[in-house]
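# A look at the structure
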Amino acid sequence: MFGTESSLSMFLNTLTPKFYVALTGTSSLISGLILIFEWWYFRKYGTSFIEQVSVSHLRPLLGGVDSSSPSNSNTSNGEADSNRQSVSECKVWRNPLNLFRGAEYNRYTWVTGREPLTYYDMNLSAQDHQTFFTCDSDHLRPADAIMQKAWRERNPQARISAAHEALELEDCATAYILLAEEEATTIMEAERLFKQALKAGEGCYRRSQQLQHHGTQYEAQHRRDTNVLVYIKRRLAMCSRKLGRTREAVKMMRDLMKEFPLLSMFNIHENLLESLLELQNYADVQAVLAKYDDISLPKSATICYTAALLKARAVSDKFSPEVASRRGLSTAEMNAVEAIHRAVEFNPHVPKYLLEMKSLILPPEHILKRGDSEAIAYAFFHLQHWKRVEGALNLLHCTWEGTFRMIPYPLEKGHLFYPYPICTETADRELLPTVFHEVSVYPKKELPFFILFTAGLCSFTAMLALLTHQFPELMGVFAKAFLSTLFAPLNFIMEKVESILPSSLWHQLTRI
């Protein structure tokens, strides 16, 4: 026993200050590398790598999950229900107001050198095009067969070349669509191509309409031709809106909604709302909201925030927070504040863009409802309408944060809507160009424990290394005193054991 103590004491006395410098420096380097990796992983995936590995791999090994208990089975059923709800709420939707690739997105790339669309977003668009613009009978028409391959091409130039090849065979509506979307460099040029597409698309639509009841093949062809015609008319209306012919755009959208009332999946009413707001035709805006802001229909930021804007318009020009705090809110002001709280609960990312607390980027081609992508798409087109209503942004600025006092735990419960889905951040990081845009996260996540722990450990060991390098003798004394204090309880226990046990038995144990 005493030999072990003497050897330990001799080992500690032989350690030089250089050893302590190397030890603390190496510890600081390792903890710093762990900190950098943890921070990068948290910024990219929104969670701690160490915590994720612990929960996913270590807890099952330690027996943290017991699938045999009935309570756990009930819990798993509840989790499955919440997962199904989460999946439905995290569905990605086509942006109703998406820009033109050639005339708008590509122009931005030429000027800034940045890519405004992510690969994931463009891949979703390619899937949409194949769904809406192709059918099983395309091989019967050579031009459609070429376009079926063109929509699957990843290279833009290959798609454009295929569209020109299809037009050499016949007037093909989908070929004109592709050229209007991707090759046209101005809105006027895109409108000209869409008018040619409309002429070809109407002919195909009339022919397939007469044959739609002759079999499933003709029915699928008619459904495809209907999708093509609706898409063309909608984009023509959007061209008119962008070129300043807003009344013409409103008429085209109304006619389209009357002609095809069942195609609500295109969300044409959101285009109509934006155009009516541009005309400041608030009575018609209210009429559209009365039809689509229904409990049975899926909500959107456009629906909720436009309803809030109309309520705010009635009181915002005379609203003063000082006066309201003294006399209280009137009924109209209370209705406006409640509408703002409702909108903020649905999508809490929008106010920072409307109040210009966060910079805008070009909206993506697809959005996630209640996510940052939807907030960008809404604010990009509707910020001007909020600015036009006097005092509306001031009212929003004074009241929007009050929403979070009503729903302090947004992931567990909601007030007027379902609890806020936890999947929005991951989907938005796929949809938005995170290279030059910081994705808005709600609720704001605190730094994981392991990042704070490794940061503290790295700082502490770096300070020790610096002090040991500057004051080697003094730090050596401190290190020996610390180690002696650390081993003191163990030495005390060993002495007690030695005094209790017979010396011969202790000698045999030490030999073993």
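Residues numbered from 1 in each chain as written. Predicted model: local features only at pLDDT ≥ 70, side-chain atom pairs only at ≥ 80, totals over all residues. Heavy atoms only, no water.

## Comments concerning the layout of surface pockets
Space inside the largest pocket adds up to approximately 560 Å³. Arg-101, Met-122, Arg-154, Pro-156 and Arg-159 are, among the 25 residues lining the largest pocket, the residues nearest its centre. Mapped onto the lining of the largest pocket, the elements with two or more residues apiece are α5 (101–112), α6 (119–133), α8 (156–169) and α9 (173–183). A per-element tally of the lining of the largest pocket places α6 first, with seven residues. Classifying every residue of the lining of the largest pocket gives 10 nonpolar, seven polar and eight charged. (1 Å grid on protein atoms, 1.4 Å probe; cavity = no way out; pocket = protein on both sides within 12 Å on 5 of 7 lines; lining within 4 Å. Points joined across faces, edges and corners; volume = space filled by probe spheres on them. Helix = DSSP H or I, 4+ residues; strand = E, 2+ residues; numbered from the N terminus. Nonpolar A, V, L, I, M, F, W, Y, C, P; charged D, E, K, R; others polar.)

## What about helix α22 (residues 424–431)?
Considered for burial, the residues of α22 that qualify are Thr-424, Glu-425, Ala-427, Asp-428 and Leu-431. Mapping the buried residues of α22 onto a view down its axis gives an arc of 165 degrees, with all of them on the same face. Of the surrounding secondary structure, the elements contacted by the buried residues of α22 are β1 (92–94), α6, β2 (366–368) and α19 (372–388). (Buried < 20%, exposed > 50% of the residue type's maximum accessible area, 1.4 Å probe, protein only. Arc of directions from axis to C-beta. Contact = heavy atoms within 4.5 Å.)

## Focus on empty space enclosed by the protein
Using the criterion set out here, one finds four cavities of 30 Å³ or more in the structure. Estimates place the volume of the largest cavity at around 90 Å³. Considering the residues around the largest cavity, the lining is formed by Asn-95, Pro-96, Leu-97, Glu-270, Ser-300, Ala-301, Thr-302, Ile-367, Glu-374, Ala-377 and Tyr-378. Going through the elements one at a time, α15 (301–313) and α19 are the ones with two or more residues in the lining of the largest cavity. Of the residues that constitute the lining of the largest cavity, the class distribution is six nonpolar, three polar and two charged. Taken together, Arg-94, Asn-98, Leu-99, Arg-101, His-129, Glu-181, Glu-182, Tyr-231, Arg-235 and Glu-365 make up the full set of residues lining the second largest cavity. Secondary-structure elements contributing two or more residues to the lining of the second largest cavity are α9 and α11 (216–242). Across the lining of the second largest cavity, the residue classes break down as two nonpolar, two polar and six charged.

## Overview of the packing of aromatic side chains
Taken as a whole, this structure holds six aromatic pairs when the rule is applied. An angle of 80 degrees between the planes, with centres 5.1 Å apart, marks the rings of Phe-133 and Tyr-231 as edge-to-face. Here Phe-133 is found in helix α6, whereas its partner Tyr-231 is found in helix α11, with 98 residues between them in sequence. Across this residue pair, the class does not change: Phe-133 and Tyr-231 are buried. An aromatic cluster is present here, built from Phe-133, Trp-151 and Tyr-231 joined pairwise through their rings. When the ring centre of Phe-100 is taken as reference, the NZ or CZ atom of Arg-235 above it lies at 4.1 Å. The ring of Trp-93 carries the charged tip of Lys-369 above its face, separated from the ring centre by 4.0 Å. (Phe/Tyr/Trp six-rings, centres within 6.5 Å; stacked < 30°, edge-to-face > 60°. Lys NZ or Arg CZ within 6 Å of the ring centre and 35° of its normal.)

## As for unusual backbone geometry
Despite not being glycine, Gln-280 shows a phi value in the positive range, around 60 degrees. Topologically, Gln-280 is positioned in the loop between α13 (268–278) and α14 (282–292). In this structure, Glu-356 takes a positive phi of about 60 degrees despite not being glycine. Take Glu-356: its relative accessible area is 53%, and that puts it in the exposed class.

## Concerning the confidence of the model for the protein
Across the protein, pLDDT averages 80, with 79% of residues at or above 70. Within the protein, the lowest mean pLDDT, 44, falls on helix α4 (residues 70–89), and the highest, 94, falls on α19. Taken together, the stretch residues 64–88 has pLDDT below 50 and engages in five contacts with residues farther than four places along the chain or on a different chain. (pLDDT = per-residue confidence, 0-100.)

## Structural notes on the nonpolar core
By size, the foremost hydrophobic cluster in this structure holds 93 residues, and its most contacted members are Met-147, Ile-177, Phe-194, Ile-232, Tyr-305, Leu-354 and Trp-386. Ranked by residue count, the leading element in this core is α15, at nine residues. Counting only domains with at least three residues in this core, you end up with domain 2 (97–266) and domain 3 (281–446). Apart from the residues within four sequence positions on either side, Met-147 is in contact with Ala-162, Ala-163, Ala-166, Cys-172, Thr-174, Ala-175 and Leu-178. (Core = buried A, V, L, I, M, F, W, Y, C linked by side-chain atoms within 4.5 Å. Domains from an automatic or database assignment.)

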